[in-house]
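Here's the letter readout for the chains.
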Amino acid sequence: MDLLLRLSRRCLLTAWLLGSSLAAWAADAVPSPQDSPALARMAHSGRIRVGYIPTPGTFAFQDAQGQTVGYSIDICRRVIDKLRQRLGRLDLTPEFLPIKASDRIPMLKSGAIDLECGGNTNTMARQKDVDFSHTFFNTGLRLLARKTLRVDRPADLSRKRVAVARGTTAETRFKTMQTEQGVLVVTVGSDAEGLKALEDGTVDAYAQDDVLLYGLMATSRLKDLLAVTGPFMTVEPYAFMLPKGDASLREVVDRTLLDLMRSGELLSIYRTWFDGERLRIPMSIYMKENIRFPNKYGIP
């Protein structure tokens with residue numbers, strides 16, 4: 001009888017502990033708005049709103065079937081899979097929203113998007129308004145121009161018309177060069193507008209991160225006449241933009257990226273988009289180091 005009583009008590013204690021653990025897990029799995037506004041919105045609506053700056057052929061764009069695809073979108077879909085598990089919502093559905101560079105921070109701050117999954121340079125200035133994930137790509141600012149334009153140094157751009165997209169690090173860099181080197185800066189709303197201006201001859205060059213320029217050149221009707229030229233003018237560490245101070249969402253995103261780096265899957269995704277038949281851009285030493293030593297370094 002005493003033995004049965006002790007076993008019954010032990011079973012009751014085990015059940016209570018298990019119930020407490022499950023309750024704690026459930027509370028952690030579906031956070032309150034105070035814990036994470038973004039995760040709470042997703043848990044309630046069953047949707048995640050993903051902003052991205054269209055970058056044809058590379059990081060994020062719509063294919064011929066109207067599907068949103070690209071290097072950073074492939075990574076983002078892995079993040080969404082983790083979020084489905086975290087929230088206990090296997091029906092969590094992404095809503096991909098093409099946006100302008102100048103809109104991404106205001107939209108994150110207002111909650112209009114939950115995550116920005118394009119190619120975003122992590123800068124110390126932007127860190128005041130948003131958080132960033134671990135770096136998942138490295139590139140640098142160069143020029144797309146006709147092959148007849150030779151650029152070996154910034155001074156070669158004196159009195160040349162250079163287009164830059166509004167809200168990008170290229171705009172910041174060339175506003176300085178406008179004063180120092182006499183560059184004639186033309187501000188456009190997107191990469192597509194910059195490429196069109198170059199094709200139409202209204203500008204002499206388009207300034208953007210080199211990997212994006214290779215993607216644009218591959219889609220251009222004048223691709224045989226164009227070249228990516230000039231020295232690297234900046235170093236650009238790419239990361240996802242996240243709402244400021246949302247530690248729960250940031251943890252899911254960072255854990256996903258770290259898992260992709262450690263498993264080698266990030267390398268496979270890279271090769272799919274940047275080292276194949278259409279584009280041949282071997283992985284830089286900077287990106288290899290980022291995979292070996294994950295970081296969130298922001299540039300000044």
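In what follows, the structure referred to is the one given above.
The rules we used
- Residues numbered from 1 in each chain as written.
- Predicted model: local features only at pLDDT ≥ 70, side-chain atom pairs only at ≥ 80, totals over all residues.
- Heavy atoms only, no water.
- Buried < 20%, exposed > 50% of the residue type's maximum accessible area, 1.4 Å probe, protein only.
- Helix = DSSP H or I, 4+ residues; strand = E, 2+ residues; numbered from the N terminus.
- Contact = heavy atoms within 4.5 Å.
- Phe/Tyr/Trp six-rings, centres within 6.5 Å; stacked < 30°, edge-to-face > 60°.
- Lys NZ or Arg CZ within 6 Å of the ring centre and 35° of its normal.
- Axes fitted to C-alpha atoms, helices over the stretch in contact; angles between N-to-C directions.
- Parallel < 35°, antiparallel > 145°, perpendicular 65-115°, else oblique.
- Left-handed = near helix turned anticlockwise from the far one by under 90°.
- Nonpolar A, V, L, I, M, F, W, Y, C, P; charged D, E, K, R; others polar.
- Core = buried A, V, L, I, M, F, W, Y, C linked by side-chain atoms within 4.5 Å.
- Disulfide = S-S within 2.5 Å.
- Pairing = 2+ DSSP bridges.

A.B. asks: Even after reading the chapter, I still don't get helix α6 (residues 191-200), so can you show me in this structure?
C.D. replies: One full turn of an α-helix is made of 3.6 residues, so residues set three or four places apart face in the same direction. Among all positions of α6, only D191, G194, L195, A197, L198 and E199 are buried. Two residues or fewer after α6 comes G201, characterised by a positive phi angle close to 85°.

A.B. asks: Mind showing me how you'd approach the environment of L242 here?
C.D. replies: Along the chain, the position of L242 falls in strand β13 (residues 236-243). For L242, a relative accessible area of 1% translates into the label buried. Once the C-alpha coordinates of L242 and E116 are considered, the two residues, 126 residues apart in sequence, prove to be 6.6 Å apart. Beyond its immediate chain neighbours, meaning those up to four positions away, L242 contacts L108, L115, V130, D131, F132, S133, R250 and V253.

A.B. asks: Just checking my understanding: could you explain the packing of aromatic side chains for this structure?
C.D. replies: Both the distance between ring centres and the angle between the ring planes are used here to describe each pair of aromatic rings. This structure, assessed with the given rule, holds 14 aromatic pairs. Their ring planes at 45° and their centres at 6.0 Å tell us that Y71 and F136 sit as a pair that is tilted. Within this pair, whereas Y71 is found in helix α3 (residues 71-87), its partner F136 is found in the loop between β6 (130-132) and β7 (137-139), the two being separated by 65 residues in sequence. The same class applies to Y71 as to F136, namely buried. Summarising the aromatic geometry, the rings of F137 and F274 are spaced 5.1 Å apart at their centres and angled 50° between planes, so their arrangement reads as tilted. Note that F137 is positioned in strand β7 and F274 in helix α9 (residues 265-274), a separation of 137 residues in sequence. Exposure class is identical for F137 and F274. Each is buried. In textbook terms, an aromatic cluster arises when at least three aromatic residues are bridged by ring pairs, as seen for F59, Y71, F136, F137, Y238, F240, Y270 and F274. When the ring centre of F232 is taken as origin, the NZ or CZ atom of R142, which lies over that ring, is 5.2 Å away.

A.B. asks: Teacher, can you tell me more about the packing of α3 against helix α8 (residues 247-263) here?
C.D. replies: Two quantities define a packed helix pair, namely the angle between the axes and the distance from one axis to the other. Contact geometry of α3 with α8 gives a least axis separation of 9 Å together with a crossing angle of 125°. Classed by the angle they form, the pair α3 and α8 counts as oblique. For the element pair α3 and α8, the recorded crossing hand is right-handed. Along the contact surface, α3 presents I75, R78, V79, K82, L83 and R86, while α8 presents S248, L249, V252, V253, T256, L257, D259 and L260. Each residue belonging to the contact of α3 with α8 can be placed in one class, and the counts come to eight nonpolar, two polar and four charged.

A.B. asks: Any chance you could explain the nonpolar core here in plain terms?
C.D. replies: Core analysis: the largest hydrophobic core is formed by 45 residues, its most contacted members being Y71, F137 and F274. The set of elements that each furnish at least two residues to this core consists of α2 (37-45), β1 (47-52), α3, β5 (115-121), α7 (210-219), β13, α8 and α9. Ranked by the residues each element gives to this core, the list is headed by α3, at eight residues. V164, V183, A207 and M233 belong to the second-largest nonpolar core, a separate cluster that totals 16 residues.

A.B. asks: Which parts of the structure should I look at to understand the state of the cysteines?
C.D. replies: When the sulfur atoms of two cysteines share a covalent bond, that bond is a disulfide. Summed over the entire model, instances satisfying the criterion amount to one disulfide. Linked covalently through their sulfurs, C76 and C117 form a disulfide whose S-S length is 2.5 Å. On the sign convention where negative means left-handed, the S-S torsion of about 65° between C76 and C117 marks this disulfide as right-handed. Placement of C76 in helix α3 and of C117 in strand β5 is noted, with a sequence separation of 41 residues between them. Here the two residues C76 and C117 agree in accessibility, since each one is buried.

A.B. asks: What am I meant to see in the sheet that holds strand β8 (residues 141-146) here?
C.D. replies: Strand order in this open sheet of five strands is β10-β9-β11-β8-β12, and the pairing throughout is mixed. Among the strands making up the open sheet, the edge pair consists of β10 (184-188) and β12 (226-229). Each adjacent strand pair in this sheet contributes to an overall mean axis angle of 30°, direction not counted. Where strand β9 (residues 161-165) meets β10, five bridges bridge the pair, whose relative direction is parallel. Across the sheet, A163 pairs through a bridge with V186, a residue of β10. α6 contacts β8, β9, β10, β11 (205-209) and β12 of the sheet and is inclined by roughly 35° relative to β8. Sheet strands in contact with α7 are β8, β11 and β12, and its direction is about 125° off that of β11.

Everything listed here is a matter of coordinates, which is why it stays silent on function.
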